[in-house]
Structures are given as C-alpha cells and as structure tokens.
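# What the coordinates show
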Amino acid sequence: MCGIAFTYRPLASTDEMNCAMELACKAMAQRGPDMAGRKVCPPWSMGHQRLSIIDPQSPAQPIADPSGRFYLSYNGELYNYRDLREGLKDRWHFTTTGDAEVVLAGLINYGTEFLHRMEGMWALALWDNSEKNLLLVRDRLGKKPLYYCCDQTAFACASELQSLQMISGTNWQEDEHSTADYFRYGFYLPGATAYKEVCEVLPAHWLKWSPGKRPLLKPYWQLSPKGFQGSRKSAAKMLRTAFFESVRLRMVADVEVGALLSGGIDSSLIVCAMTRQRRRPVQTFTIGFHEAPFDERRYARTMAGYCQSDHHEQLLTWDRCAGLAAHLLKHVGQPFGDASLLPAAMVSRMASQRLKVVLTGDGGDELFGGYNRYLARSLLRWLTRLPRPVRNLRRDGIKRLFKLGTGNPVLKYIIRMSDILQRMEDENPYVAPLSYDRDALQQLIPDLWRRGHPAPNMPQETRIDDIRQMMVSDALVYLPQDILAKMDRAGMAFSLEVRSPFLDRRVVELAYSLPRSWHRRGARGKRMLRAAFGEMVPQWIWKRPKRGFALPLERWFKTGLQNRLMELLMETPHPLNGAFVEKMVDAHVAGQCNHGVRLWQIYIYLQWLAFRPYPFQAIGRLQRP
C-alpha cells in the first residue's frame, strides 16, 4: 500500500513546510518504500510514499489534473478500476494505467457520488487549489487509516500518527476519555485516538475542510441490514458467486499474490478459492509456537497439502517478540492491546521476504457469526431468567473456584466462561468485548473509569435481536479498530499489502441481510459458510474448535515478563492503581487465575508512556504499588 500526508499551515515558511513533510514521509517510508513524492506550495503541502503493486511505472504521487487545480495523494487498491476507467474514457484522457488516476478522474467528474462505484480499500486526500478545500475519504470498513488534527486556520492529516505529529506543529496531550476506552476494550473507539483533538476519519465517511471553517464529516455508506428475499439455497449460491468474484478481484496485481494460512475455516476458504483460479501453486504462510495449545502449524500444513500450496512457516518465541513489539509501537503510535499484533507482524515479515501482497480471512467471524461470545450471549439470556439468589450462588461458586487455581482444564474453561459472562452483564448496550467488568475497571483506573467517548449508533434493525446487534457492532467497531488495524499495521511495518476478500461490499451486504439463524444456531456458527462451501474444503475444517490468533501470555507473565511490567509500573507516571495491578500479577503468577491478556494490555500502555514517541503530556501521576 502507501502512505499519505497533507498539511495547510499559513504561518509556516517554505523551508519549514518542506522539512516537516520530508520528515513525515520518511517516518512512514515502510508503507511505500518503492517511490516517494512531495508537493510543497505554501501554505499547503502534500506527500506520498508508494508501494508499487499496480502499474509500477506510473509517476510518483501526488498527481494533479491537467489544469493543476486538483492534487491527489492516494493510499489504496481499487479492485474494479478497469471497469471504472472504461466508463470515464469519454470524460478524461488517461496517461497512466493504474488506479490512482481513475480515482482522481472519478472524483473530479462526479464528486463524492463516485465513492458509491468504488470497490476496494482506500484512504485519500484531494486538494482543490482553486477553491481551497480538502476532501478526505476512508473505505467502507476502515481497512486503511487516516488521522487528522485541525483548527479553523490550519489542518494536517497522515496515514500514521508519528507522521501527523511532524506536520501538525503542535504538542499533544493524552485524552483521558480515550484512555478509559482503551482499558475497557483494548483499543480506541472509531474516530478517536489516544490524543486530545487528534482524530481518525471514520470508516465509510468523507470529510471536507476549508480554511476558516469547521470540518464537515458525512457518511457515504451505511451497514443497514435488510431482510433477504429468497431461500437459504439461493443465498448460498449468491454467496459463492460473490465470494469467488471477490477473491478474483483481489488477485489482480502486477506482482505475485499469496495468502496467510492458519488452517481455520476462513483462511482455508481463501486459499482454496485462490487455487481454483490460478495454475501455479499459491504461496502460503503461517506462524507457530512451542506451546501446543497455541500452535496451528499442523492444521496449516494439512490444508497446504490439500491445496498443494508452496507453504512456509516460522516459530515465534518471546526473544523474537521483544524487539518486534518496540518496532510496532513506533508505527502504531498509540497503545494497542491485542497481543496477536505480534504474530501478525511476524507472519507479515516472513511473507514480505517473498511477496508484496497477501490475502487473509479477516471479516469471516464478524460476517458469519464465528465468535464464541455469541454463544456466551445465548447462555447469558438463559442465566438472566434464573432467580437472583440462584445467580448470586453462581457468582459465589466461581469465586471459590478461583481460589482452587486453574490447573485443571475443565476448571479453567468454567472460570473462563464465567469471566466472559460476568463482563457481558456490563455490556449493555454492547459496543465491543470488555476487558474488565465494571468493578474491576473501577479498581484499575479509579479516576477515569466513568470517562469514555460515546459509543457509535447502531442501525435500528439490529435492536430486536441482541446477538445480531453484537454482530453488527463487531463489524463497525471491533473489526476496524482491532482486526483491520492490526493487519494494516503489521503488514505495513514490513511493506506488505494485506487484502480481505470477505470484506467485499457485496459479500458484506449479503451476509448482513440474511436471518441470524442462518449464520448461527446454538453452539454452531458459520452455518451459511458451510452451506455455501461445505464441499470445497475437508470436513475436518468444519469440526475444528474456534481458536484465535493468540499468544502464550499466561506463561510469559510467569517466566519473566511480569518483572518488566512491575519495573514499568514503578518507573512511569500513570493513572493506574498500582496496588491493584500488583495484586493481579501476584494472582497470575500463583496460578489462581489467568490475567495474561489484561496484563499485556497494561504492559503495552506503560510501554507507550515510557517510550513517548512524540512530545506530549500524559495524564495521571506516579502511583507506586
């Protein structure tokens, strides 16, 4: 992919603007190491870093229209650009064969209406040098990032926070509402960042700004589930057609395209579809661990053999992770609590040594009801019907189980499910999976636990079904803020473009138009995927228990990482209750409970405070345990 940047600063000199844009582009050079371009024309400047996937010979961006009025810096892949190009030929004389000029021509001729015709992933900045206004746009589901900060006279935007800070000309302060959200969910809510008055353009929105005016933000697409008119059999046929077309479009490139393969349902379907549409073997990549419960290599190997792919794998250890975590923190620019960022980055680094583009199965769980938390919600429905004294007995019983420890696998599962249910009782309305229940959050961040940004509004159609509402909320919050952010940062840290066939607009809209029971019933999820592709992959794929891209955090925080966490807790000013964190660490090390995921979230936050990638003011004070 690419990296983009723009700034409008009427008080800055030409030298200042040129130097700032050069530094901003260098800071995100890994997003586009093949070509760099800058346009400095005070009071505005625009920059671009390019990863050449389509039409490698096209000139560097920013690109301008023949009159020199419009300038575009574009980060994305427009999968249907060839069809759109044909429709624009009578309105535009093309001088390149890539997709960037198609985007420029379409926006100039049709304005924001052209966005409805675009299929792909993108973040773009279009400057009108005559009218002095800026247009920013992000793709429908937020695959590509775009941050900005502004006032009525100045504006800056960039693909990465560290680049944005270099061209914004201001110091940043930590946002206490965002910090509270981070400890609730492990990430920030759509539109927000870790910093005050530093925002992210919302997915499926465009933003317009002109000097002297406030930014105008409007949606151009909404996920609005509508009832499917047809049979389950016809829906399965439509899904097969849309999915294979989506995979075909995402294999369009002037370089070889591979795939990340875990041996699960979603990535296996992607590799099978790729294999059916090309003659030579697909290159596939996977990461494994010494710890058997986290190691999926044997499943990936079996699937690779079934598809006859050219398979590659690596083993991930903490020694490899330590340096990688610091490298990623610089490019993420803010705390990110999902530890699977590390294996995602490792497999991206391995793939980038051979390829520039890979496909992934991201989105399959959100679209087709794959998460176990949907089952937990069904169980919670049943539990809430029980009399309150019985529910209290359940809680008291679980507290006693915690004191017995978590060595027994059955006991460990019961404790884990109870923990999920306890947090779910506080998820009303549901926004995303909570990291802590309300009581624990209050103890962890006593001064901040009531803070937080407003949750996004959900479509009216989801309010009649709590599990359907969870699925839609996961698509609009958890997917862009966690899953897609993870794969973008992991891939771009090593100049690897990651494409997601499940997130094709036709697949998404079809999936959310279907009755929820077609996706999930009882303990079985992804029923529609099985109806559409049951014979395409081996039957053992459908019987595999759901497993996330997880790390052995439980062991790591017993074998040394807990010491580094405690050092950071003692040395770094922070708003956390140090005594409560120390209590969590002690209980974890003693084997009384598994706090690995929560401790990682705290560890990353403290690392960010200690690292302080940009000049900024942190909230809180030094709270010693």
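Below you will find a few notes about this structure. Small disclaimer: the values here were computed from a predicted structure and weren't measured.

## Observations concerning the sheet that holds strand 8 (residues 147-150)
Strand order in the open sheet formed by six strands is 2-3-1-9-8-11, with antiparallel pairing between adjacent strands. Edge strands, defined here as strands with exactly one partner in the open sheet, are strand 2 (35-41) and strand 11 (199-200). Helix 1 (residues 14-27) rests against strand 1 (2-8), strand 2 and strand 3 (44-50) of the sheet, and its axis sits at about 20° to strand 3.

## Some remarks on the packing of helix 10 (residues 341-352) against helix 16 (residues 466-492)
At a minimum axis distance of 8 Å, the contact between helix 10 and helix 16 shows a crossing angle of 40°. Between helix 10 and helix 16, the angle falls in the class oblique. Classified by chirality, the crossing of helix 16 by helix 10 is right-handed. On the side of helix 10, the interface is formed by Leu341, Ala344, Ala345 and Ser348, while helix 16 contributes Lys486, Met487, Arg489, Ala490 and Gly491.

## Some words on the packing of aromatic side chains
Per the stated rule, a full pass over the model turns up 29 aromatic pairs. Relative to Phe502, the ring of Phe243 has its centre 5.1 Å away and its plane inclined at 35°; by these criteria the two rings are tilted. Here Phe502 lies in the loop between strand 18 (497-499) and helix 17 (505-511) and Phe243 lies in helix 6 (residues 232-250), a separation of 259 residues in the sequence. As far as the burial class goes, Phe243 and Phe502 line up, both buried. Taken together, the aromatic side chains of Phe6, Tyr8, Trp44, Tyr71, Trp127, Tyr148, Phe155 and Trp209 make up a single cluster linked through ring pairs. Positioned above the aromatic ring of Tyr110 is the side chain of Arg117, whose terminal nitrogen or guanidinium carbon lies 4.1 Å from the ring centre. In this arrangement the basic side chain of Arg373 is found over the ring face of Tyr371, its NZ or CZ atom lying 4.0 Å from the centre.

## Some thoughts on the side chain of Ser495
Relative to the helices and strands, Ser495 resides in the loop between helix 16 and strand 18. For Ser495, the side chain forms a polar contact with the main-chain oxygen of Gln30, separated by 2.6 Å. Residues contacting Ser495, with those up to four places away along its chain left out, are Gln30, Pro33, Leu51 and Lys356.

## Focus: the pattern of salt bridges
With the rule as written, the count across this model stands at 27 salt bridges. Of the charged contacts in the structure, one is a salt bridge between Arg248 and Glu245, with a shortest N-O distance of 2.6 Å. Linking Arg248 with Glu245, this pair stays in helix 6, spanning three residues, or about one helical turn. Classification of Glu245 as partly exposed rests on a relative accessible area of 25%. The network of salt bridges with shared partners includes Arg31, Lys144, Glu160, Asp488 and Arg489.

Basis of the calculations
- Residues numbered from 1 in each chain as written.
- Predicted model: local features only at pLDDT ≥ 70, side-chain atom pairs only at ≥ 80, totals over all residues.
- Heavy atoms only, no water.
- Pairing = 2+ DSSP bridges.
- Helix = DSSP H or I, 4+ residues; strand = E, 2+ residues; numbered from the N terminus.
- Contact = heavy atoms within 4.5 Å.
- Axes fitted to C-alpha atoms, helices over the stretch in contact; angles between N-to-C directions.
- Parallel < 35°, antiparallel > 145°, perpendicular 65-115°, else oblique.
- Left-handed = near helix turned anticlockwise from the far one by under 90°.
- Phe/Tyr/Trp six-rings, centres within 6.5 Å; stacked < 30°, edge-to-face > 60°.
- Buried < 20%, exposed > 50% of the residue type's maximum accessible area, 1.4 Å probe, protein only.
- Lys NZ or Arg CZ within 6 Å of the ring centre and 35° of its normal.
- Polar contact = N/O pair within 3.5 Å; in protein donor to acceptor, adjacent residues only side chain to side chain.
- Salt bridge = Lys/Arg side-chain N within 4 Å of Asp/Glu carboxyl O.

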